[in-house]
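Inside the fold
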Amino acid sequence: MKTKNDIQITAVSHQTLIKDLCEIIEQARGRVASSANYALTNMYWHIGERINREVLGNERADYGKLIVTTVSTQLQKEYGKKGFEPRSIWRMMQFAQLFPEIQIVATLSRQLSWSHFVEIMPLKDNLQREFYLTFAALEKWSVRQLRKNIDSMLYERTAISSKPDEYVKNELTQLRDDNIISPDLVFKDPYFLEFTGLKGMYSEKSLEDCLVTHLEQFIIELGSGFCFVARQKRMIIDGVDFYLDLLFFHRRLHRLIAIDLKKGRFKAEYKGQMELYLRWLEANEVESGEESPLGLLLCTEGGDEQIELLKLDKAGIRVAKYLTDLPPREVLQRQIQKSLETAQLRFDY
């Protein structure tokens, strides 16, 4: 006769069994879905590439439209309407044009779904597309997360976007091939801090309080790899207390990141203050194997000429604007585009 303990052990064993079986099923489903997506994406590329070759070989201007209509009708008759509408056929053709190398498509389609590619295809700039594809694959973004990052102009706000094209390509290649990320792929300008709810007049202390209160959202805006270390980090130098607003660690950069919050326009004096913090951190907080700390000054307004003259990058200091009250998207796009053009002009000279 079974005792009460025997029944409890049986119940626990049963729960463990069901949990293990569920894991086996979910893993198998994931592999099946991944294989199906890989096959589907590669099929779409080959269909698009074959039709493109057909269109290219014909001199008639209207041949492309005619062949798409004909192909769509025939394929829908053979395989059903879903997935072979004229619009879908055009998309396959565009896909093969934008990504002419099947090896790249084959590699990415093991990590990204067809829906990821569909989100990226409307982007007009090649480097922009490469940026989003690289990060979506490495950081395993969902389609929803990818769409959100595109809508928030993540590429345009990332420091790398203001650099020369060849530099951007090299940094993205190094990230993909060697998993080495540079600070230019980590830091942004501007940062969107609308989640703080701050508008109008507020103090640096209020901003700091809100960022700590909404720490998860702040870390999401900072980007993948940031880990919170301390608030109001105390440093005793020459018997005097100094306090750094926020201290983070970036796992992939292997560096401490010192963040100081400033209300108003960037001032040259901020450089000396941040350099003092960074040198103290390097002397007292850096562990073996870590790189030198970097500083991030968050200001409500920049000061491009001062920043350039002070050569802050060489001192390991970044300056970025932050917005707690976002303007309409169209206005924001114009502002960011103007900042990018100004930054790129500096490289041309």
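Conventions used here
- Residues numbered from 1 in each chain as written.
- Predicted model: local features only at pLDDT ≥ 70, side-chain atom pairs only at ≥ 80, totals over all residues.
- Heavy atoms only, no water.
- Helix = DSSP H or I, 4+ residues; strand = E, 2+ residues; numbered from the N terminus.
- Contact = heavy atoms within 4.5 Å.
- Salt bridge = Lys/Arg side-chain N within 4 Å of Asp/Glu carboxyl O.
- Buried < 20%, exposed > 50% of the residue type's maximum accessible area, 1.4 Å probe, protein only.
- pLDDT = per-residue confidence, 0-100.
- Pairing = 2+ DSSP bridges.
- Phe/Tyr/Trp six-rings, centres within 6.5 Å; stacked < 30°, edge-to-face > 60°.
- Lys NZ or Arg CZ within 6 Å of the ring centre and 35° of its normal.
- Expected span 1.5 Å × (residues − 1).
- Arc of directions from axis to C-beta.
- Axes fitted to C-alpha atoms, helices over the stretch in contact; angles between N-to-C directions.
- Right-handed = clockwise from strand over helix to strand, strands pointing away.

Regarding the overall build of the chain
For the chain, the helix and strand inventory stands at 14 helices and 6 strands. Here the analysis covers contacts within the chain between residues at least 6 apart in sequence; of these, 63% occur between residues at least 24 apart.

Quick notes on the pattern of salt bridges
On inspection of all chains with the given rule, the structure shows 16 salt bridges. When the shortest N-O distance is used, the salt bridge between E221 and R157 registers 2.7 Å. Of this pair, E221 sits in helix α11 (residues 215-222) while R157 sits in helix α8 (residues 154-157), placing them 64 residues apart in sequence. Assigned by exposure class, E221 and R157 land together as buried. As a salt-bridge pair, D189 and K321 come within 3.8 Å of each other at their nearest N and O atoms.

A look at the confidence of the model for the chain
Of the residues in the chain, 90% have a pLDDT of 70 or more, and the chain-wide mean is 88. Across the chain, strand β3 (residues 240-250) holds the top mean pLDDT of 97, while helix α14 (residues 329-348) sits lowest at 73.

Side note on the pairing of strand β6 (residues 317-323)
The element β6 is extensively covered by neighbouring structure, given that 6 of its 7 residues are classed as buried. Examined bridge by bridge, strand β1 (residues 191-192) and β6 share 2 bridges and lie parallel to one another. The residue of β6 that forms the bridge with Y191 is Y322. Where strand β5 (residues 294-301) and β6 come together, 5 bridges link them in parallel fashion. Looking at β6, one finds that L296 is bridged to R318.

Focus: the side chain of S72
Position of S72 relative to the elements: it lies in helix α2 (residues 63-79). When sequence neighbours within four positions are dropped, the list of residues in contact with S72 reads F84, E85, P86 and I89.

Description of the packing of aromatic side chains
Applying the stated criterion across every chain yields a total of 14 aromatic pairs. An aromatic cluster is defined as three or more aromatic residues linked by ring pairs; in this entry it consists of Y44, F95, F99, W114 and F117. Positioned above the aromatic ring of Y270, the side-chain terminus of K262 is 4.6 Å from the ring centre.

Comments concerning helix α3 (residues 86-98)
Taking 1.5 Å per residue, 13 residues should reach 18 Å; α3 reaches 18 Å between its end C-alpha atoms and fits that length. Of the residues making up α3, those classed as buried are S88, I89, M92, M93, F95 and A96. Each buried residue of α3 lies within a common arc of 155 degrees when the element is viewed along its axis, so the set occupies one face. The exposed set on the far side of α3, more than 90 degrees from its buried face, consists of R87 and Q97.

What about the sheet that holds β6?
Strand order in this open sheet of 6 strands is β1-β6-β5-β4-β3-β2, and the pairing throughout is mixed. Two strands bound the open sheet, and with one partner strand each, they are β1 and β2 (226-237). Summarising the sheet, β2 and β3 pair through 10 bridges and their orientation is antiparallel. Looking across to β3, one finds that F226 is bridged to H250. Those strands touched by helix α10 (residues 204-213) are β2, β3, β4 (255-265) and β6, and its axis lies near 135 degrees from that of β4. Against the sheet, helix α12 (residues 269-284) makes contact with β2, β3, β4, β5 and β6, and its axis sits at roughly 160 degrees relative to β4, the strand it touches most.

Focus: the environment of L278
Its place among the elements puts L278 in helix α12. Along the chain, L278 and L244 lie 34 residues apart, while their C-alpha atoms are 10.0 Å from each other. When near neighbours in sequence (up to four residues on either side) are disregarded, L278 contacts A258, P293, L294, G295, A315, G316 and I317.

Here we look at the pairing of β4
Counting buried residues in β4 gives 8 out of 11 residues, a clear majority hidden from the surface. Of the pairings in the sheet, the one linking β3 to β4 comprises 5 bridges and is antiparallel in character. When the bridges of β4 are listed, F249 appears paired with L256. The hairpin turn running from β3 into β4, its antiparallel successor, is 4 residues long, and H254 in that turn takes a positive phi close to 60 degrees. Across 7 bridges, the pairing between β4 and β5 is parallel. Residue pairing in the sheet places I257 in a bridge with L294 of β5. With α12 bridging β4 and its parallel neighbour β5, the resulting β-α-β unit is right-handed.

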